[in-house]
Each structure stands twice: as structure tokens, then as C-alpha cells.
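# Descriptive structure summary
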Amino acid sequence: MVQRVSSTRTFARIAPHCVPALDRAVHRLTGGRTLLSTRLLPGLVLTSTGARTGLPRRTPLACMPEGPRGAPPAAWVLVGSNFGRPGHPAWSANLLAHPEAEISWRGGDVPVRARLLRGAEREAAWAGVVAFWPPYARYQARVEREIRLFRLERR
């Protein structure tokens, strides 16, 4: 039911205004240990450098951790779905301009380098994220742009 609701156009209009604000508040109140949205999907807070401003930008995001189950993730995949809205999310432009970033993952800060996935590597990652969270396929069907995928690797 949650997946069905999260893939609707109504959710895409409302969620970008509510979910990040709630996530930021919960993240702050728990000392960086949790995000409200992690009840549905794993999440992190990305601190990137603004593409135009050069200022730090903190964005709570869903992610797909990669690596052996039970071990700390070797990497994270971020999906620039923008809730199935037409434009790319701002954080993805920030990572294209400044790939070195930091994430808050389960209460710890991790320096990372972002890499835009392309070609066969992107296709393999896309299959993984759609299996992980099927609404991503509905988001892609709604927009003309190719949804950006980034792999964040520890620095």
C-alpha cells in the first residue's frame, strides 16, 4: 500500500515539501542517528557543495546500501527520482559539479566521492533499485528525462 501511495502524482506534489523537512527535524533531534523516512527505505543525509553557490547543502535522501548484509556498506546508490517530477533534483547537479561530499549514515559522518552511473553499470544498478523499491519504475515512466543514479564510495 505504501509503495502504491508513494508512486502517485499527488504524493509527488506533496512529499517534496513535507518529507525532507520532517527528516531534517528527526535527524537533528536524534543526533543524526535516524530519519523518519527510514521506516520505509534506508536513508542518509547528504552534505554536498552547491553547484552555483558553493555553499554546503544538506539533503535527506533514500538510498540503496551496497555490500554484504550485516557489514558496513561499501557504497550507496542514490536515485535522482525527484518523486517522479520532471526536473532533476538540485542535489544531483551539486554532485555533478562537486563530487566530493559527506553523508551522515546511522549517526556517523562518512566522506564520500559521488560518481554518475552510465551505460551497463547504470542499467545493472537500475535493475537493483527497481527490485529494491518498485515505485522508481513508475517515476521513470512518468518523466521524459533519464533518472540519474549516483554511486557514493567512501574516500
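This text follows the structure it describes.
What you see is a predicted model, and the numbers here were worked out from it, not measured in a lab. (Residues numbered from 1 in each chain as written. Predicted model: local features only at pLDDT ≥ 70, side-chain atom pairs only at ≥ 80, totals over all residues. Heavy atoms only, no water.)

## As for the overall build of the protein chain
Rule in force here: Going along the chain from the N terminus, every DSSP run of H or I of four or more residues is numbered as a helix, and every run of E of two or more is numbered as a strand. Only protein chains enter the calculation, and the probe is 1.4 Å; a residue is then buried if its accessible area is under 20% of its type maximum, exposed if over 50%, and partly exposed in between. Contacts between residues were defined by any pair of non-hydrogen atoms, one from each residue, lying within 4.5 Å.
Looking only at helices and strands, the protein chain features five helices and seven strands. The order of helices and strands in the protein chain, counted from the N terminus, is α-α-β-β-β-β-α-β-β-α-α-β. Residue burial in the protein chain is summarised as follows: out of 155 residues, 41% are buried. The long-range fraction of contacts in the protein chain, counting pairs at least 24 apart against all pairs at least 6 apart in sequence, stands at 64%.

## With respect to the sheet that holds strand β2 (residues 56-62)
Note the threshold: Strands are labelled as partners when DSSP assigns at least two bridges between them. To define axes, lines are fitted to C-alpha atoms, for helices over the stretch in contact only, and angles between the resulting N-to-C directions are given on a 0 to 180 degree scale.
Spatially, β2-β1-β5-β6-β7-β4-β3 is the arrangement adopted by the seven strands of the open sheet, whose pairing is antiparallel. Taken across any chain shown, the strands that pair with only one partner, and hence form the sheet edges, are β2 and β3 (64-66). Put simply, the sheet's adjacent strands are angled 35° from each other on average, direction ignored. Pairing geometry for strand β1 (residues 43-49) and β2, over seven bridges, is antiparallel. Within the sheet, the bridge partner assigned to G43 lies in β2 and is A62. Here helix α3 (residues 90-97) sits on the sheet in contact with β1, β2, β4 (75-80), β5 (100-105), β6 (108-116) and β7 (148-154), set at roughly 55° to β7. This element, helix α4 (residues 119-132), spans β3, β4, β6 and β7 of the sheet and lies at about 95° to β7.

## A word on the pairing of β5
Alignment of β1 against β5, held across three bridges, turns out to be antiparallel. Residue pairing in the sheet places T47 in a bridge with E102 of β5. A loop of two residues connects β5 with β6, the two strands running antiparallel in sequence, and R106 in this loop sits at a positive phi of about 50°.

## A look at α3
To keep things clear, this is the line we draw: Arc definition: it is the arc formed by the directions from the helix axis to the C-beta atoms.
Among the residues making up α3, those that are buried are W91, S92, N94 and L95. Relative to the axis of α3, the buried residues are bounded by an arc of 155° and lie together on one face. Each element contacted by the buried residues of α3 is listed here: β1, β2, β4, β5, β6 and β7.

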